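# Report on the structure
What follows is each chain in one-letter form.
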Amino acid sequence: NKGNFEHYMQKEIHEQPESLTTTMRGRLLRGGSCKAKTVLLGGLKDHLKTIRRSRRIVFIGCGTSYNAALAARPILEELSGIPVTMEIASDLLDRQGPIYREDTAVFVSQSGETADTLSALEYASENGALCVGITNTVGSAIARNTHCGVHINAGAEIGVASTKAYTSQIVVMAMLALAIGGDTISNQARREAIIDGLFDLPNKVREVLKLDQVMKDLAKQLIAEQSLLVFGRGYNYASALEGALKVKEVALMHSEGILAGEMKHGPLALVDENLPTFVIATRDACFSKQQSVIQQLHARKGRLIVMCSKGDAASVCPAEWESCRVIEVPQLEDCLQPVVNIVPLQLLAYHLTVLRGFNVDQPRNLAKSVTTQ
Ligand code: UD1
Ligand code: F6R
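The rules behind these values
Residues numbered from 1 in each chain as written. Chains lettered and ligands numbered in written order. Predicted model: local features only at pLDDT ≥ 70, side-chain atom pairs only at ≥ 80, totals over all residues. Heavy atoms only, no water. Pairing = 2+ DSSP bridges. Helix = DSSP H or I, 4+ residues; strand = E, 2+ residues; numbered from the N terminus. Axes fitted to C-alpha atoms, helices over the stretch in contact; angles between N-to-C directions. Contact = heavy atoms within 4.5 Å. Disulfide = S-S within 2.5 Å. Buried < 20%, exposed > 50% of the residue type's maximum accessible area, 1.4 Å probe, protein only. Near = heavy atom within 4 Å. Polar contact = N/O pair within 3.5 Å; in protein donor to acceptor, adjacent residues only side chain to side chain. Areas by Shrake-Rupley, 256 points an atom, 1.4 Å probe, with all protein chains shown as cover. Nonpolar A, V, L, I, M, F, W, Y, C, P; charged D, E, K, R; others polar.

The protein chain carries the name glutamine--fructose-6-phosphate transaminase (isomerizing) in an unreviewed UniProt entry, which gives Rosa chinensis as its organism.

## Considerations on the sheet that holds strand 11 (residues 303-309)
Spatially, 9-8-10-11-12 is the arrangement adopted by the five strands of the open sheet, whose pairing is parallel. Pairing within the sheet leaves two strands with one partner each, and these edge strands are strand 9 (254-259) and strand 12 (325-329). Adjacent strand axes in the sheet meet at a mean angle of 20 degrees when their direction is disregarded. Pairing of strand 10 (residues 276-281) with strand 11, which is carried by six bridges, proceeds in the parallel orientation. Following the sheet pairing, P276 is matched in strand 11 by R303. Strands strand 8 (227-232), strand 10, strand 11 and strand 12 of the sheet are contacted by helix 10 (residues 212-222), whose axis makes an angle of about 155 degrees with strand 12.

## Details of the state of the cysteines
Following the criterion strictly, the structure yields one disulfide and no others. Note that C317 is cross-linked by a disulfide to C324, the S-S spacing being 2.5 Å. Each member of the pair, C317 as well as C324, is classed as buried. The closest cysteine sulfur to the non-disulfide-bonded C286 is located on C335, 13 Å from its own sulfur. Its sulfur unpaired, C308 is 8.4 Å from the next cysteine sulfur, which belongs to C317. Accessibility expressed as a relative area gives 0% for C308, which makes it buried.

## Some details on the environment of V39
Topologically, V39 is positioned in strand 2 (residues 35-39). Note on V39: relative accessible area 15%, which makes it buried. Separated by 13 residues in the primary sequence, V39 and G26 have C-alpha atoms spaced 9.0 Å apart. Leaving out residues up to four positions away in the same chain, V39 has contacts with R27, L28, M175, L178, A179 and I195.

## Considering the site of ligand 1
Taken together, 13 residues form the shell around ligand 1, and within it R27, G43, T146, G149 and H151 come nearest. In this structure, an oxygen atom belonging to ligand 1 sits 2.7 Å away from a side-chain N or O atom of H151. For ligand 1, the accessible surface in isolation is 730 Å², of which the surrounding protein chains cover 51%. It is strand 7 (residues 148-151) that provides the largest number of residues to the shell around ligand 1, a total of four residues. Considering only residue class, the shell around ligand 1 consists of five nonpolar, seven polar and one charged.

## Things to note about the site of ligand 2
Every one of the 14 residues lining ligand 2 counts as a neighbour, but S65, S109, S111, T114 and E249 are closest to it. Here an oxygen atom of ligand 2 and a side-chain polar atom of S65 are 2.5 Å apart. One nitrogen or oxygen atom from the main chain of S162 is found 2.9 Å from an oxygen atom belonging to ligand 2. Burial of ligand 2 by the surrounding chains reaches 89%, relative to a free accessible area of 400 Å². Secondary structure elements with two or more residues in the shell around ligand 2: helix 4 (63-80) and helix 11 (237-251). It is helix 4 that contributes the most residues to the shell around ligand 2, three residues altogether. The residue makeup of the shell around ligand 2, split by class, is four nonpolar, eight polar and two charged.

This is the structure in structure tokens:
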């Protein structure tokens, strides 16, 4: 049921304040008798000790689910102190990469049925790793075959392009980081800030959804383009990859997410006055590096679209740069910023697709659940 919306993708983008609320329901505890702010993931509580003892955490997934894990990686590393590595499921299988008994392998999948991820799960399980699932579908193959896990509870996702599952996956993995990290005096302030940020997240997403018309206007300007580059780094490297994936899979426009730190090592050669380049430069520890990326792109006459935190428009894009477009988004705790930052890109991909006359919910050649290898 699409309710008042024309397409499932549109509905699922706009229902993210509610789906995120459901994802967190019963899992975040604030105040009360002990006063501490804590996270409770029922599916993991008996396994946290084992996870904390593991030598490595390996995230395994495909497509958008992989990108969600990439967005959560920095906070998991920070709070757990355990090395976190990333594997695209098919690539792990192609390489028969090393997986050990001392590893915790985390399988991220909306459908819970993706063939590559499921085969990687069999492989990791045979190699003796603790296998943890992060799935949206209760009773799915990945939920059944993992040793333990967390349901993201985002509600059924119908549009082929994953939107609300992505943001709920990030939130679950941020909660996973909090759960593994445990309570130490040294990280207490950081933990509390993240938990406060989680409580406030649905409101922030509601606020960023107001950019719908702004993104539709931008889509109109980009309707006939061949390509769109998206630059991000740090917490928002994943946002760049995921934004580009949305644009290519539904709007059928070439788009590439680029780690901004790699710009000078090749991609800069593509930049000219015609190619639109989207730069994510919200406030975090990487902000000044992104400012200098923006300056270098401008120096090469790049056609800039910059996403920045509210109030930063003038510092990322001086008034005399007339062709530069700025999109301001609400700022929040750095590790949660990717949840807000992806929303304008989801809206852009959605509007581009409708304006270009393509099928938003059923892009050609794609299936919601990829059950063949
Ligand atoms: C569970 C109930 C929820 C109830 C809550 C009350 C289910 C599905 N969930 O939620 O309805 O409101 O207790 O406390 O009955 N699991 C995997 N792999 C996965 C995902 C989950 O093995 O990929 C396992 C978990 O380890 C757990 C079970 O499935 O044993 C349920 O997981 P989850 O729904 O996340 O647990 P709760 O949030 O505690
Ligand atoms: C992109 C998309 C795909 C899936 C991928 C994994 O919007 O939907 O890239 O993310 O096929 O699917 P799941 O998460 O079901 O394992």
